[in-house]
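# Reading the structure
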Amino acid sequence: MTLHSINFFYLQTLWRWFGENTKRRKFIDYVVSSLDENWNRKNIFIVEAPTGYGKTTISASISMYSVDEELKAIVALPLRSILEDQYRKFKSLTDLAGKRYMHNPDSRYLLKPITLTTLDTLSLTLFGLSPEDFDKVVKYWSGTLTGSLGHYLFSVSSTTLSNIILDEAHLLIDSTKSLNFLVALMKLAIRNGQKLVVMSATLPTSFKKIIEKNLVAYMDKILFLEFSGGGLIDVDDEFIAERLSKKYDVNIIGLREEEKHEFIERWIGERIEKYSRVIVVFNTVRDAVEFYMRVNLKDVPKLLLHSRFNEMDRERKIDKLIELKKMEKYIVISTQVVEAGVDISSNLLISEIAPINSIVQRVGRFLRYEGECEGEVLIWYEVDEDGNLKKSGDKYKVYSYDLTRRTLEKLSSALRMGSVNLHIPSLKGITGYKDIIDMVYLEEDLEISKGEVERLLNITVDLESMPYRALEQLIRLEGSFVGESMLIPVIPRSLLKGKRTKNISKLIVPISFDVFLRSVERSLVREAISSIREDEFSTREDEWRIIELSKEDIRSMLSEENIRSMESFKKLMQLTSRKSIVAFIIDAEYSVEGGLIIGG
């Protein structure tokens, strides 16, 4: 039997995706050869390469190698909104690819040879709480079911027998919770003899330091592969020269809340004839939707992207995005979902301020392709009455205020001092994005709790009670091992009026736990969809029904003084288990264009 290398599948991937027009990247060649050379000696590979450099070819090559020479692969992405786009690329390469996320059971238990999934679904399945068995475990925990806890050993085996690729991993470093999970996953991969590949364009040097500090005993099992670090490889001169050929100004301006949309619309209008491919990125869904409804330029098609679309409309958005890429003029208005893995470019980028990791990822959708040489960037921020960066608690919108403020200060200072290029990591005489990232992200910003890491590892110690222990930890962490909280499935009432649909799961829109509870408090949630049969989700119209939530049901979710608490989530789990709720009905506006719009 002939054993193939990762490089063999890399060359196959290049040919299948790009044909005769394929162009080899010097650093990816180096990464692939390093993977082949160290595959049997190392367990963790941390790959850092610029945006638009072609990291997806690495994911695909490792996945194909894993299926052919080992067993299977899981590619985990941070956002469901980008999973569909990546899935289409993988399906063009092989029929062995599947996908799995909330209410999309294409690859149950992550069982297909190559499965694309979300970080949340990966973490749940890893700890025996796969979506297929989650309801059974909750019912067992709440006392409404006895006996089997489902096929959790099957789901745990599915993950532990896979090579795992974490793409766009920079989104894991902004919270202690997600960093704790990442460190626990690294330790489990080493313990189980798995391969874990972590990839991103924007990992600060402080991230490497905390990994070295917290996994000091395992450093011989970890390999860092950095585009411009450690003297391991000469810089890709051709790529750097192409990026340096791009000429653009970066403008930073503070705007009052009441003037921001008008200013941005006017700024675009003044430049649209010269720079006709526009991307506008807001930090909140509300701002993105409001601006989308407002802007209307003649003969310029527009597209709105955010996280609150159901599956059917999300697929339509991807189709339209592919169409827009062929056009000379367009405006894409988005939230941060555009940051990770969305393959589109612009020559006019307007972005709200965010931590520098996010800014760099957004700039990765600006002059992205070769031959795009000229454009303009506007970075704006909302100001308070004194003209300072607006603050709400410890946040600027959805981000850490300190990280956002530091980004604003360091980026503004670098621009005043001279040559800045946000397309390259670092270069003598030029301030690159990695230089600014390292100014912003300090080691003390990346906290890891050794106690929390041990709690996660201890879930796997006792196989008999593993899912039960995992659920207890999940409740304590408010519904997610990785994110801020669990996403709650809702269906806008307007999508149910006057009809019964067989594919009701495709109508589901995920919203955060916070947004859900605020909606309950405002009496926007009064009914739910209940499953009649014992299954993750029933799609036949005779297998689900609408039920009314009692005053006691609603009161139980809102009784705590601290509305966002472990108890509130615990009561929500008890309610969904007791009444077999698979989605809540929300009285909020929904449209194919705008998605779910929750007013107030």
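Residues numbered from 1 in each chain as written. Predicted model: local features only at pLDDT ≥ 70, side-chain atom pairs only at ≥ 80, totals over all residues. Heavy atoms only, no water.

### So, the pattern of salt bridges
Applying the stated criterion across every chain yields a total of 47 salt bridges. Linking aspartate 553 and arginine 578 is a salt bridge whose minimum nitrogen-to-oxygen distance equals 3.1 Å. Pair noted here: aspartate 553 is in helix H20 (residues 551–558) and arginine 578 is in helix H21 (residues 566–578), with a separation of 25 residues, a long-range link. Connected through salt bridges with shared partners, the residues Glu257, Lys260, Asp287, Glu352, Glu382, Lys390 and Lys397 form a single ionic network. (Salt bridge = Lys/Arg side-chain N within 4 Å of Asp/Glu carboxyl O. Helix = DSSP H or I, 4+ residues; strand = E, 2+ residues; numbered from the N terminus.)

### What about the packing of helix H14 (residues 356–363) against helix H16 (residues 433–440)?
Across the interface, H14 lies against H16 with an axial gap of 9 Å and an inter-helix angle of 160°. Between H14 and H16, the crossing angle belongs to the class labelled roughly antiparallel. Classified by chirality, the crossing of H16 by H14 is right-handed. Contacts from Ile356, Asn357 and Val360 of H14 reach H16 at Tyr433, Ile436, Ile437 and Val440. Broken down by class, the residue content of the contact of H14 with H16 amounts to six nonpolar, one polar and no charged. (Axes fitted to C-alpha atoms, helices over the stretch in contact; angles between N-to-C directions. Parallel < 35°, antiparallel > 145°, perpendicular 65-115°, else oblique. Left-handed = near helix turned anticlockwise from the far one by under 90°. Contact = heavy atoms within 4.5 Å. Nonpolar A, V, L, I, M, F, W, Y, C, P; charged D, E, K, R; others polar.)

### Focus on the environment of isoleucine 356
With respect to the element layout, isoleucine 356 can be found in helix H14. In this structure the C-alpha to C-alpha distance between isoleucine 356 and lysine 571, which are 215 residues apart in sequence, comes to 37 Å. Leaving out residues up to four positions away in the same chain, isoleucine 356 has contacts with Thr407, Ile436, Ile437, Val440 and Tyr441.

### Focus on the nonpolar core
Counting residues in each nonpolar core, the largest one holds 203 residues, and the members touching the most others are Leu166, Phe481, Phe516 and Phe584. Per-element tally for this core: the top contributor is helix H8 (residues 176–192), with ten residues. Once residues lying within four places of it in the same chain are set aside, the contact partners of phenylalanine 516 are Ile488, Val490, Ile511, Val525, Met557, Leu572 and Phe584. (Core = buried A, V, L, I, M, F, W, Y, C linked by side-chain atoms within 4.5 Å. Buried < 20%, exposed > 50% of the residue type's maximum accessible area, 1.4 Å probe, protein only.)

### As for the sheet that holds strand E4 (residues 114–118)
Strands pair in a sheet through their backbones, by hydrogen bonds, and they do so in one of two ways: parallel or antiparallel. Ordered by their spatial adjacency, seven strands build an open sheet running E3-E4-E2-E5-E6-E1-E7, and the pairing between neighbours is parallel. Two strands bound the open sheet, and with one partner strand each, they are strand E3 (97–100) and strand E7 (222–226). Taken pair by pair, the neighbouring strands of this sheet meet at an average axis angle of 20°, ignoring direction. By the bridge criterion, three bridges tie strand E5 (residues 162–166) to strand E6 (residues 196–200) in an arrangement that is parallel. Counted as the bridge partner of isoleucine 165 is valine 197 from E6. On top of the sheet, helix H2 (residues 26–38) reaches strand E1 (44–48) and E7; it is set at about 165° to E7, its chief contact. Contacting E1, E5 and E6, H8 crosses the sheet at an angle of about 145° to E6. (Pairing = 2+ DSSP bridges.)

### Structural notes on unusual backbone geometry
Positive phi, normally seen in glycine, also occurs at leucine 367, with a value near 45°. Tracing the sequence through the fold places leucine 367 in the loop between H14 and strand E13 (374–382). The backbone of serine 523 sits at a positive phi, close to 65°, despite the residue not being glycine. Positionally, serine 523 belongs in the loop between helix H19 (513–521) and strand E20 (525–531). With relative accessibility at 47%, the residue serine 523 sits in the partly exposed group.

### Details of the packing of aromatic side chains
Between two aromatic rings, the relevant description is the distance of the centres plus the angle of the planes. Summed over all chains, the structure comprises 21 aromatic pairs. Taking 6.0 Å as the distance between ring centres and 35° as the angle between the ring planes, the aromatic pair formed by phenylalanine 27 and tyrosine 30 counts as tilted. Pair noted here: phenylalanine 27 and tyrosine 30 are both in helix H2, with a separation of three residues, about one helical turn. Ring geometry for tyrosine 53 versus phenylalanine 227: centroids 5.4 Å apart, planes at 75°, classification edge-to-face. With a gap of 174 residues between them, tyrosine 53 in the loop between E1 and helix H3 (56–69) and phenylalanine 227 in the loop between E7 and helix H10 (237–244) connect regions that are remote in the sequence. Comparing tyrosine 53 with phenylalanine 227 shows no difference in burial state: the two are buried. (Phe/Tyr/Trp six-rings, centres within 6.5 Å; stacked < 30°, edge-to-face > 60°.)

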